[in-house]
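Understanding the architecture of this molecule
The residues making up each chain are set out below.
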Amino acid sequence: MRTFEKRDRGVALLTALFFGVLCFALAVGLLTQVPRDLAGASKQNLDLRGSYVADAAIKDTMAWMSFQLTNGVEPCTLSDPSPLRTGGLDGWTWRCLIEPDSGTPPNPVSNLRIYKLTAVASLDGIDRYQIVSDVQGGQSFARFSMFIDEDDPSLWDFGVGPYTRVTGPVHKNRAIRFLVDTSIYSGSPPSTTPFDGTVSTSQSSNIWSSGGDPAVGNRYDYIFSGGASDLRTGIPPRPLPGDSSILARAAFGGLPTVTTGVVVNPAGGVFINGDVDDMEMRVNGSGDFELIIRQGPDTTTIVEETATGQRIVNGPSGTYSVAGRGTGVIFATGSINSLHGQNKGDHTIAVDFDSSKNIEISGNITRSDTAIGAKPAVTDDRLGLVAEHVYVADESVLPRNVGTPLYLYATILATQRFEVKNAHSGSPGSMALFGGVSGKYTWRVNTSSSGGVVIHGYGGLTGRGTPDLHYDELLATDPPPEYPTTGETELFVRSWREKVL
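A quick note: this is a predicted structure, and the numbers were derived from the prediction, not measured.

Here is what the cut-offs are and how they apply
Residues numbered from 1 in each chain as written. Predicted model: local features only at pLDDT ≥ 70, side-chain atom pairs only at ≥ 80, totals over all residues. Heavy atoms only, no water. Helix = DSSP H or I, 4+ residues; strand = E, 2+ residues; numbered from the N terminus. Rg over C-alpha atoms; globule rule 2.2 N^0.38 Å. Buried < 20%, exposed > 50% of the residue type's maximum accessible area, 1.4 Å probe, protein only. Contact = heavy atoms within 4.5 Å. Areas by Shrake-Rupley, 256 points an atom, 1.4 Å probe, with all protein chains shown as cover. Lys, Arg positive; Asp, Glu negative; His and termini not counted. Charge placed at Lys NZ, Arg CZ, Asp CG, Glu CD. Pairing = 2+ DSSP bridges. Salt bridge = Lys/Arg side-chain N within 4 Å of Asp/Glu carboxyl O. Patch = residues over 30% accessible without salt bridge, like charges linked within 9 Å, V, L, I, M, F, W, Y side chains within 5 Å. 1 Å grid on protein atoms, 1.4 Å probe; cavity = no way out; pocket = protein on both sides within 12 Å on 5 of 7 lines; lining within 4 Å. Points joined across faces, edges and corners; volume = space filled by probe spheres on them. Nonpolar A, V, L, I, M, F, W, Y, C, P; charged D, E, K, R; others polar. Phe/Tyr/Trp six-rings, centres within 6.5 Å; stacked < 30°, edge-to-face > 60°. Lys NZ or Arg CZ within 6 Å of the ring centre and 35° of its normal. Axes fitted to C-alpha atoms, helices over the stretch in contact; angles between N-to-C directions.

Some remarks on the overall build of the protein chain
- Counting secondary structure elements, the protein chain contains three helices and 31 strands.
- Taking 2.2 N^0.38 as the reference for a compact globule, 501 residues should give roughly 23 Å; the C-alpha atoms of the protein chain span a radius of gyration of 32 Å, well beyond that estimate.
- Across the 501 residues of the protein chain, 48% fall into the buried class.
- At a minimum sequence separation of 6, the contacts of the protein chain that also span at least 24 residues come to 66%.
- For the protein chain, the accessible area works out to roughly 22400 Å², and carbon and sulfur atoms hold 54% of it.
- Side-chain charges in the protein chain split into 40 positive and 53 negative, and the spacing between the mean points of these groups amounts to 10 Å.

Observations regarding the pairing of strand β16 (residues 278-283)
- Note: β16 against strand β17 (residues 289-295), six bridges, orientation antiparallel. Its bridge partner being in β17, E280 is matched across the sheet by I292.
- The turn joining β16 and β17, which pair antiparallel and follow one another in sequence, is formed by five residues; a positive phi near 80 degrees is taken by G287.
- In this sheet, strand β22 (residues 336-343) lies alongside β16 in parallel orientation, the contact comprising three bridges. Note on β22: the bridge partner recorded for M281 is G341.

Focus on the pattern of salt bridges
- One pass over the full model with this rule turns up 24 salt bridges.
- A salt bridge links D90 to R49; the nearest nitrogen and oxygen atoms lie 3.6 Å apart. Of this pair, D90 sits in the loop between β1 (84-89) and β2 (92-100) while R49 is found in helix α1 (residues 2-70), placing the two residues 41 residues apart along the sequence.
- A salt bridge links D478 to R382, with the shortest nitrogen-to-oxygen separation between them at 3.6 Å. In this pair, D478 sits in the loop between α3 (474-477) and β31 (491-500) while R382 sits in the loop between β24 (359-367) and β25 (383-392), placing the two residues 96 residues apart along the sequence.
- Under the relative-accessibility criterion, R382 is labelled buried at 10%.

Some points on a nonpolar patch on the surface
- A contiguous nonpolar patch, built from W156, L179 and I207 and spanning about 240 Å² of accessible area, is present on the exposed surface.
- Mapped onto the elements of the fold, L179 is located in strand β9 (residues 177-180).

So, the layout of surface pockets
- Taken as a whole, the largest pocket encloses approximately 450 Å³ of empty space.
- Forming the walls of the largest pocket are 23 residues, and the residues nearest its centre are G159, L179, N446, S448 and T466.
- At the level of secondary structure, the elements contributing two or more residues to the lining of the largest pocket comprise β6 (158-160), β9 and β28 (446-448).
- Within the lining of the largest pocket, the residues separate by chemical class into nine nonpolar, eleven polar and three charged.

Overview of the packing of aromatic side chains
- Inspection of every chain in the model, using the stated rule, returns 13 aromatic pairs.
- Look at F141 and F147: their rings are 5.0 Å apart centre to centre, the planes differ by 75 degrees, and that puts the pair in the edge-to-face class.
- When the ring of Y409 is compared with that of F434, the centres are 4.5 Å apart and the planes differ by 5 degrees; the resulting orientation is stacked. You can see Y409 sitting in strand β26 (residues 406-420) and its partner F434 sitting in strand β27 (residues 428-439), a full 25 residues away along the chain. One exposure class covers both Y409 and F434, and it is buried.
- Ring-pair connections join several aromatic residues into one group, and the members of that group are F158, F178, F195, W208 and F224.
- Geometry around Y185 places R219 over its ring, the cationic atom sitting 3.8 Å from the centre.
- Positioned above the aromatic ring of Y391 is the side chain of K421, whose terminal nitrogen or guanidinium carbon lies 5.1 Å from the ring centre.

Overview of the sheet that holds β31
- With respect to topology, five strands assemble into an open sheet ordered β1-β2-β3-β4-β31, the strand pairing being antiparallel. In the strand order of this sheet, the two ends are held by β1 and β31, each with one partner. Mean inter-strand twist for the sheet, computed between neighbouring axes without regard to direction, equals 20 degrees.
- Both β1 and β2 contribute to a ladder of six bridges, which runs antiparallel. Its bridge partner lying in β2, T86 is registered against R95.

Quick word on unusual backbone geometry
- Following P105, the chain continues into P106 via a peptide bond in cis, with omega recorded as 15 degrees.
- Residue placement: P106 occurs in the loop between β2 and β3 (113-123).
- Even without a glycine there, the phi angle at E482 is positive, about 60 degrees.
- Note on E482: relative accessible area 23%, which makes it partly exposed.

Considering helix α2 (residues 245-252)
- Across the eight residues of α2, six count as buried, placing the element largely inside the fold.
- Turning to α2, its buried residues are I246, L247, A248, A250, A251 and F252.
- For α2, the secondary structure elements touched by its buried residues are β14 (262-263), β15 (270-272), β21 (329-332), β23 (347-351) and β25.

Describing empty space enclosed by the protein
- By the definition in use, this model includes one cavity of 30 Å³ or more.
- One number sums up the size of the largest cavity: a volume of about 30 Å³.
- What lines the largest cavity is simply G269, V270, E304, R311, R325, G328, V329, I330 and H347.
- Its residues assigned to classes, the lining of the largest cavity shows three nonpolar, three polar and three charged.

Details of the environment of V329
- Residue position: V329 is located in strand β21.
- Residues V329 and L383 lie 54 residues apart in sequence; the distance between their C-alpha atoms is 9.8 Å.
- Setting aside residues up to four positions removed in sequence, V329 forms contacts with L247, A250, A251, G269, V270, T348, P481 and E482.

Structure below.
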């Protein structure tokens, strides 16, 4: 009996020792792991704080740049082409390097100012976190489906009915004038609303025709795809451009000198002295873009070879030359009295709008990468048009027929107006524009009846309302070359890259 008791006590002792060793081992493991977890949590906290400090450095630098530009001072100068800003936050220090791209002062200026900002957050003299951001000064007018600067009391800005089709963002620096066909309020809200995008004004309210105000009865869903939230007020005004010299320099490849005819410089686009009787765009049998420029008896043909990246210039009297791809800007010191055809590649066609020069569209303007009537899905063939007035030709030049629509694939900026010639006489036609329209005044396109049926000029593809306006959102982030911007003081982020150091 005593032997059994001793053996029992021995087993209990061994068991206790075993669990004691096990608990000790677990405790040692736990004590070993705790510092690791604490170190990991501490590093994670440092990384998070570093990201906040670097983010603050970017925002502080952008605010300083905007202040400088607003006061007419360049952030980057010849004496300090890449300024370094420094600061501190919550025991941390930061530095932010500003680097302009090749088209941003103090380098030769282009329409878009692009800056690379590199912000580094440091603690106790050790670099902890980095953010690299590309910042753009000035937003392209290609970001708007419709932009209107001032009032024309003789016109409503938009006729609104079941037939109206405006997609993409709309902005006016004044109160927007809506002429509403109140039949739109019948039944349930439509599945496709007249406006599909934000509609903003710099004023506190808009102007609605009698019985048309959607605030009465909260009928916003009948007009805007997002309801009342799509209609925004008090947005800061944006100025129209007032200087065509940037486009002229981009076309010439530097400061233009006195010339005649057509100039194609390797570092430029196409610079044309004087009026253009006819400008035709087309794609030849080799798939290359051709630009045919006719000035009186002289014809110049420019071929952009896709395979070689070269431009072949066949001028009057058999002249021949070769140049590089260039900027894509086509600029005339005079008016372009007839423009039509198919675009391939990225181009901006502009005239000296400071001297009241205009562009007249005399036929379809289409693009090689998109079937007629379809919405663009790529940005290969971008086209911008810039002039004081951009006209659609008179019916005697461009016959109107509702059954044969006019298709325009371009983003258009008119420092005065986009306008159909003799819009208040002649036959009715239909038009669809894929891109956008910006101008000092709202477009002048047609005369219509109370039911929206077009009597003269151009309406939408249904023959009612204003032309169908289909926004090309791809142009907002990838606009045509040197397309005008809303002002360099309006800064926004184009890219953002973060890294733990």
